[in-house]
Structures are given as C-alpha cells and as structure tokens.
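Chains, contacts and geometry: an overview
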Amino acid sequence: MKIEIFAPAKVNLTLHVTGLREDGYHLLDSLVVFVDVGDQLRLTQSDQMSLDVMGPYADGVPTDASNLVWRAAALCGLAAGIVLDKHLPNAAGIGGGSADAAAIIRGAKQLGYHPQKPITSLGADVPVCLSSEPQRMAGIGDRLKPVGGLPDLWAVLVNPGVGVPTPAVFSALKSKSNTPMADALPLWKTANEFCSWLGDQRNDLEAPAIGIQPIIADVLHTLFDASLARMSGSGATCFGLYPSRQASAVAAARIKANNPGWWISEARVLKG
Ligand code: C5P
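Below: a short report on this structure. Every value quoted in this text rests on a predicted model; they were computed, and no experiment measured them.

All told, the structure shown has 3 aromatic pairs when counted by the stated rule. A ring pair is formed by Trp 188 and Phe 194, whose centres lie 4.7 Å apart and whose planes are at 75 degrees; its orientation type is edge-to-face. When sorted by exposure, Trp 188 lands in the same class as Phe 194, which is buried. Aromatic pair Trp 188 and Trp 197: ring centres 5.2 Å apart, planes at 55 degrees, arrangement tilted. The class for Trp 188 is buried, based on a relative accessible area of 9%.

See below:
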C-alpha cells in the first residue's frame with residue numbers, strides 16, 4: 001500500500017520564551033499555524049527501510065537512519081520505503097524535518113502503526129506538526145491547544161539561504177524568562193484586528209537570531225508592506241502576512257525580483 005502525505009511548513013506567528021528547564025530546554029508560548037507549501041512524502045510498507053530524497057532542497061539531506069523521517073518510522077515499528085520530495089529549506093525555522101517526521105507518523109497511523117515512545121524524542125516541534133490546524137503550543141512544544149477563529153490570511157515566506165542552528169539561537173537569548181501571551185486569546189473579527197494584536201506579541205528569538213545572522217534584519221525590511229512581518233521559529237525564515245492573495249503575490253514578485261538567490265514562497269494560511 002502506497003500513501004502520499006503532505007508535510008506543510010510550520011509558521012510561529014508568535015514565539016514567547018517563558019522559562020528554562022533544568023535539562024536545558026526552553027519553555028515556550030507560541031501561536032503556530034501551517035501553510036499550503038511544504039514537502040511531499042510517499043510511504044510504501046516494505047521488509048526493509050529505505051529513503052530516497054529528491055526535489056529542490058534535497059542537497060545535504062541524509063538518506064540513512066539519522067534522518068528524522070527514518071527515525072519516525074522506526075519509532076512506530078514500521079519498515080517502509082520512503083520518498084521525500086524536499087521543497088522546504090533546511091534549518092529554516094519552518095518545521096522542515098519535524099514536519100516530515102510528523103507526516104511519517106500520520107502515514108504510519110494509517111497503516112496501523114503507532115508511536116512506541118514519546119514523539120518529543122524526535123524533536124520538540126514534532127507534536128505540533130501532527131495536525132495542520134492553528135494551535136497554541138506551550139511547554140517545550142508538547143502542550144497543544146487548537147486555536148479557532150483566525151481570519152483568512154496569506155503569507156509570503158522569505159529565507160535568505162542561511163541556516164541558523166537552533167541551539168545557538170536559544171543560547172544567545174539573553175532573558176530566558178519573558179511574559180507569555182494573555183491566558184485568553186481575543187476574538188479577532190478581521191485580518192487587521194488579528195495582525196494588530198500579533199504586532200503586540202513577539203518572537204523572542206528574533207533578536208538573538210539577527211545577532212548571529214544580521215541578514216535576517218534585511219529580510220524583515222523587504223516585508224515592509226506586510227500587515228505583520230516577523231521571523232518564524234529560530235529563523236532564518238521570516239514571514240509577512242497579507243489580507244489577500246493578490247497582495248501577497250505582488251509582494252512576493254517584488255522580493256523575488258530584488259533577491260534572486262533567496263527562497264520566496266507565497267502561501268495560504270491553513271485554518272485546519
Ligand atoms: O527538539 P529539537 O531537536 O528540535 O531542538 C533543537 C535544539 O533547540 C535543542 O537541542 C535545544 O537546544 C533547543 N530547544 C530548546 N527548547 C525548546 C526546543 C528546542 O532549548 N523548547
């Protein structure tokens with residue numbers, strides 16, 4: 001049996017770092033959404049594990065047991081032939097490997113295989129990527145609550161082609177204990193209202209990531225016409241939110257023309 005699975009990119013619309021655990025992991029409060037661009041996976045049950053990686057971002061992706069998709073299948077006790085069509089840049093703050101691992105777990109479940117260990121052992125972002133609905137993510141990424149009522153939104157994702165190692169960004173963060181979002185999220189009536197509320201929230205990793213890769217500040221400047229521009233995760237990908245598909249298309253075309261080497265993708269924010 002062959003299963004096709006889409007692994008949508010994850011976008012942290014907010015990312016508040018609220019504490020540090022004794023094991024070195026940080027506590028987060030993050031509003032996470034998914035978009036309609038991502039990697040594509042094909043899973044075929046087999047006697048032996050195998051992994052083929054293709055697509056525009058296949059370069060440098062391991063094809064052995066060190067790859068998260070391989071580890072995800074093994075965690076479910078599933079042997080499979082996996083084809084991974086990589087469209088998302090790596091180490092980019094938009095899920096990537098975690099989204100791929102979560103997609104394999106979804107596929108394994110369809111075949112009757114279930115995780116036999118906590119899936120956070122694959123990475124703190126894997127649990128949130130199991131569902132493509134908007135979620136509020138807390139703990140180290142393991143406490144999840146669906147968030148409803150988001151307005152229709154379009155995004156432009158921009159990555160300048162530099163990888164930012166997540167541990168380095170967390171270590172460069174000066175204050176580990178910052179305020180969370182309000183306990184109760186407001187009811188947003190319009191995209192404007194939503195983006196204006198987002199503007200009062202933060203990604204606490206943005207400043208330390210810019211310290212490591214100053215080009216991230218340039219990326220944010222290119223999104224000047226967005227209703228809200230921010231970095232996702234630990235970077236370097238930044239997103240701009242726009243109230244219409246047309247507005248996001250105009251912005252994406254402009255940024256592409258000025259920055260031919262960058263990864264720029266228009267996307268619709270998924271509502272679940
Ligand atoms: O869990 P994952 O492998 O994705 O995390 C990569 C690194 O990011 C961890 O080793 C840790 O340094 C940092 N991290 C953290 N707190 C989190 C998630 C990740 O400190 N909640």
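Near the ligand the following residues occur: Gly 24, Tyr 25, His 26, Leu 28, Gly 123, Ala 124, Ile 140, Thr 166, Pro 167 and Phe 170. Between His 26 and the ligand, the recorded distance is 2.7 Å, taken from a side-chain N or O atom to an oxygen atom. Between the ligand and Ala 124 there is a distance of 2.8 Å, counted from an oxygen atom to a backbone nitrogen or oxygen. Out of a free accessible area of 450 Å², the ligand has 73% covered by protein chains. Elements with a minimum of two residues in the shell around the ligand: strand S3 (26-45) and helix H3 (166-172). By residue number, the principal contributor to the shell around the ligand is H3, which donates 3 residues. Of the residues contributing to the shell around the ligand, the split by class is 6 nonpolar, 4 polar and no charged. Residues from two domains meet in the shell around the ligand; each of domain 1 (2-145) and domain 2 (148-270) gives at least three.

Attention now goes to the pairing of strand S9 (residues 228-231). With 4 bridges connecting them, S9 and strand S10 (residues 238-242) associate as antiparallel partners. Bridged to Met 231 within S10 is Cys 238. Between S9 and S10, which pair antiparallel in sequence order, lie 6 residues; one of them, Gly 233, sits at a positive phi of approximately 55 degrees.

A word on the nonpolar core. Counting residues in hydrophobic clusters, the biggest one holds 63 residues, and the most contacted among them are Leu 43, Ile 82 and Val 156. If you tally residues by element for this core, the top one is helix H2 (residues 97-110), at 7 residues. Discounting residues that sit within four places of it in the chain, Ile 82 has contacts with Leu 41, Arg 42, Leu 43, Met 49, Ser 50, Leu 51, Asp 52, Val 69, Ala 73 and Ile 104.

Cut-offs and rules
Per chain, residues are indexed from 1 in the order of the written sequence. Residue-level local features of this predicted model are given only where pLDDT is at least 70; pairs of side-chain atoms are given and counted only at 80 or more, and the full residue set underlies all totals for whole chains, interfaces and linings. In computing side-chain values, all of the structure's heavy atoms are included and hydrogens and water are not. Here is the rule: rings of Phe, Tyr and Trp (six-membered ring for Trp) pair when centre to centre is within 6.5 Å. Planes less than 30 degrees apart are stacked, more than 60 are edge-to-face, and the remainder are tilted. A 1.4 Å probe rolled over the protein chains alone gives each residue an accessible area, and that area as a share of the maximum for its type sets the label: buried under 20%, exposed over 50%, partly exposed in between. To be near a molecule or strand, a residue needs just one of its heavy atoms within 4 Å of it. Any pair of N or O atoms that falls within 3.5 Å is considered a polar contact. Within protein, one atom must be able to donate a hydrogen and the other to accept it, and sequence-neighbouring residues count only if both atoms are side-chain atoms. Here the accessible surface of atoms and residues is derived via Shrake-Rupley with a 1.4 Å probe, and residues count as covered only by protein chains that are part of the display. In DSSP terms, a helix is any run of H or I states spanning at least four residues, a strand is any run of E spanning at least two, and both are numbered starting from the N terminus. Note that Gly is not counted as nonpolar here; it falls among the polar residues with everything else outside the nonpolar set of Ala, Val, Leu, Ile, Met, Phe, Trp, Tyr, Cys and Pro and the charged set of Asp, Glu, Lys and Arg. Domain start and stop positions are those given by an automatic or database domain assignment. At least two DSSP bridges between two strands are needed for those strands to be called paired. Residue types Ala, Val, Leu, Ile, Met, Phe, Trp, Tyr and Cys, when buried and joined through side-chain atoms within 4.5 Å, form a set referred to as a nonpolar core. It only takes one pair of heavy atoms within 4.5 Å for two residues to be counted as in contact.

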